[in-house]
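Listed here are the chains, written in short residue letters.
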Amino acid sequence: MITNKDLLSTINSYEDNVSDHMDSDAAQTRADLLDYYLGESYGNERDGYSSIVTREVYQTVENIKADIAELFVADDETVRFEPEGQEDVEAAQQATDYIRYVFYRQNDGFSNIMDSLIDGLLQRQGIIKRWRSMEDSTTTHDFDDISEESFMLLDADPEVEITEFEEYLDELTQTVYYSGKMLHTVTKSSTRIEVVPPEEFGIDRNATTVQEARFVRQRSQKSKSDLLEMGFSESKIDKASTSSGYNEYDAPERIARNFDTDDYDGDENQIANTYNLHEVYIRLDRDEDGFDELLKVCRIGNTVLDVEEVDEIPFEIWTPIRMPHKLTGLCPADAAAPIQKMKSTLWRNQLDNQYNLNNGRPVVVEGQVDLDSVMASKPGAPYLVKHPSAISFPGQPSFGAHTNNMMGMADQMLEKDVGSTDNAISPDIL
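What counts, and at which threshold
- Residues numbered from 1 in each chain as written.
- Predicted model: local features only at pLDDT ≥ 70, side-chain atom pairs only at ≥ 80, totals over all residues.
- Heavy atoms only, no water.
- Phe/Tyr/Trp six-rings, centres within 6.5 Å; stacked < 30°, edge-to-face > 60°.
- Helix = DSSP H or I, 4+ residues; strand = E, 2+ residues; numbered from the N terminus.
- Lys NZ or Arg CZ within 6 Å of the ring centre and 35° of its normal.
- Core = buried A, V, L, I, M, F, W, Y, C linked by side-chain atoms within 4.5 Å.
- Buried < 20%, exposed > 50% of the residue type's maximum accessible area, 1.4 Å probe, protein only.
- Contact = heavy atoms within 4.5 Å.
- Pairing = 2+ DSSP bridges.
- Axes fitted to C-alpha atoms, helices over the stretch in contact; angles between N-to-C directions.
- Salt bridge = Lys/Arg side-chain N within 4 Å of Asp/Glu carboxyl O.
- Patch = residues over 30% accessible without salt bridge, like charges linked within 9 Å, V, L, I, M, F, W, Y side chains within 5 Å.
- Areas by Shrake-Rupley, 256 points an atom, 1.4 Å probe, with all protein chains shown as cover.
- Lys, Arg positive; Asp, Glu negative; His and termini not counted.
- Charge placed at Lys NZ, Arg CZ, Asp CG, Glu CD.

Trainee: Would you take a moment to explain the packing of aromatic side chains for this structure?
Mentor: Between two aromatic rings, the relevant description is the distance of the centres plus the angle of the planes. Within this structure, the stated rule accounts for 11 aromatic pairs. Ring geometry for Phe151 against Tyr178: centres 4.2 Å apart, planes inclined by 10°, an arrangement best described as stacked. Of the two residues, Phe151 sits in helix α6 (residues 148-156) while Tyr178 sits in strand β3 (residues 175-196), which places them 27 residues apart along the sequence. Ring geometry for Phe201 against Phe315: centres 5.3 Å apart, planes inclined by 65°, an arrangement best described as edge-to-face. Within this pair, whereas Phe201 is found in strand β4 (residues 201-203), its partner Phe315 is found in strand β9 (residues 315-318), the two being separated by 114 residues in sequence. Ring pairs connect the aromatic residues Phe143, Phe151, Phe165 and Tyr178, which therefore count as one cluster. When the ring centre of Tyr58 is taken as origin, the NZ or CZ atom of Arg55, which lies over that ring, is 5.0 Å away. Looking at Lys129, its charged tip hangs above the ring of Trp131, at a distance of 5.3 Å from the centre.

This is how it looks when you write it as structure tokens:
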């Protein structure tokens, strides 16, 4: 039997080769695409010059998202079970209704669809996790005047905890009765579905499918209360080290997504201590019988909270532009990003040119012109000069027509590359 120490050593070896390492090119690319989507500056802006940023990535993602989402949410039957015979009609409809209830009522199905679409179109991969959740629901009840037999049945029920009671004897019937209070705990089972942020998900770089991968990991931040609700031992949790999550796990995508906050600066803004929980799925011959088992390992740092053998890996991934023999391909944002930067550059040059046309740079004879009147350039304001030829304005060429032509060509490139127009996705692409 492989020890937990050897198990952690194997997991750490895989961690060095996962697909989402925060210093990897893939992580930085996803962060850059988020910046393009949000219209962030490129970092090459200059004071006194135009710094406009066009939004081709945003327009592309939103246009395509709307068309694809319609395929899923146009009606309330995202999944439909088809009967094979007349005798299957009623059962197929019941199965369809049940899946709709689980997906849309027990889970926020609409948000899951939209979030996974955006992740795929913008971040190259949309990741959905589904699992069976076991939650305890506890209610308080009173019981009055019940018989001794009924009281014994309640006391023997594993779901019932009698918190207080009193017994009394009915002198007429010589029967003992009980009254008191109790807690009734019921374990409810339900299917849960959530969209996993790309920076939390890691998979063996050599994997081409999730279900056949040898190593898959989800990394998330949990409070102690969260971990206790998940059923982990308090003694093991206390043994593990805590982390705020803003040091080792400052993923570029997470920083880019938090564009409207600055809570990474200053100790006073640090959140309460959390634990970095790794939920790992690894194929390993743990019992050394010659065959690999699929293990689910939950760990915090070097503390193993739980190890169990499972039947499957509970993640599904979609990627918009598939690459043969590769799990994650490309996305429309990859094609739109360089065109956005090109159009932003063209727009900046055009605006700077227009500013110069409206406020031309004069040539002045030193000592012959009042410089304050020149610097305070306002429509119709006079220039104070000692001689008419003391100031002149060299001709400023206008290249607006050429710029507009190039931007039109850029729009054509965008439509050919991603099929996105102002109205809808190209029918050929769809």
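Trainee: Would you explain the nonpolar core in this entry?
Mentor: The tendency in soluble globular proteins is for nonpolar side chains to be buried side by side. In terms of nonpolar packing, the biggest core is built from 26 residues, with Leu33, Val57, Val61, Leu122 and Ala333 touching the most fellow members. The set of elements that each furnish at least two residues to this core consists of α2 (25-38), α3 (56-73), α5 (109-123), α10 (332-358) and α12 (400-418). Setting aside chain neighbours within four positions, we find Val61 in contact with Tyr37, Leu121, Leu122 and Ala333.

Trainee: Quick question: what am I supposed to make of the sheet that holds strand β7 (residues 293-300) here?
Mentor: By way of backbone hydrogen bonds, the strands of a sheet pair with one another, either parallel or antiparallel. The strand order β4-β5-β6-β7-β8 describes an open sheet built from five strands, whose pairing is antiparallel. Both outer strands of the open sheet, β4 and β8 (303-309), are each paired with one neighbouring strand and no more. Between one strand and the next, the sheet's axes are offset by a mean angle of 20°, whatever the strand orientation. Where β4 lies against strand β5 (residues 215-222), three bridges are found, and the strand directions are antiparallel. Residue pairing for β5: Phe201 is matched across the bridge by Gln218.

Trainee: Help me out: how do you make sense of the pattern of salt bridges in this one?
Mentor: Pairs can form between side chains of opposite charge once their charged atoms are near each other. Applying the stated criterion across every chain, the model contains 17 salt bridges. The partner of Glu199 in a salt bridge is Arg257, and the shortest N-O contact between them spans 2.7 Å. One end of the pair, Glu199, is in the loop between β3 and β4; the other, Arg257, is in helix α9 (residues 252-257), with 58 residues separating them in the sequence. With a relative accessible area of 3%, Glu199 lands in the buried category.

Trainee: I tried to follow a negative patch on the surface on my own but got confused; where do I start?
Mentor: A contiguous patch of negative charge, built from Asp6, Asp287, Glu288, Asp289, Glu309 and Asp311, is present on the exposed surface. Residue position: Glu288 is located in the loop between β6 (275-284) and β7. Judged by its relative accessible area of 55%, Glu288 is exposed.

Trainee: Sorry if this is basic, but what is going on with a nonpolar patch on the surface here?
Mentor: A surface patch of nonpolar side chains, about 440 Å² in accessible area, is lined by Val79, Phe81, Tyr98, Ile99 and Tyr101. Within the fold, Val79 resides in the loop between α3 and α4 (89-106). Among the residues examined, Val79 registers a relative accessible area of 40% and is labelled partly exposed.

Trainee: What exactly am I supposed to notice about the sheet that holds strand β2 (residues 160-170) here?
Mentor: Strand order in the open sheet formed by four strands is β2-β3-β1-β9, and the pairing between neighbours is antiparallel. With one partner strand each, in any of the chains shown, β2 and β9 form the two edges of the open sheet. Each adjacent strand pair in this sheet contributes to an overall mean axis angle of 20°, direction not counted. As paired strands, strand β1 (residues 126-147) and β9 are joined by four bridges and run antiparallel to one another. Paired with Lys129 across the strands is Phe315, a residue of β9. Packed onto the sheet, α5 meets β1, β3 and β9 and runs at close to 30° relative to β3.

None of the figures reported here should be taken as evidence of function without further support.
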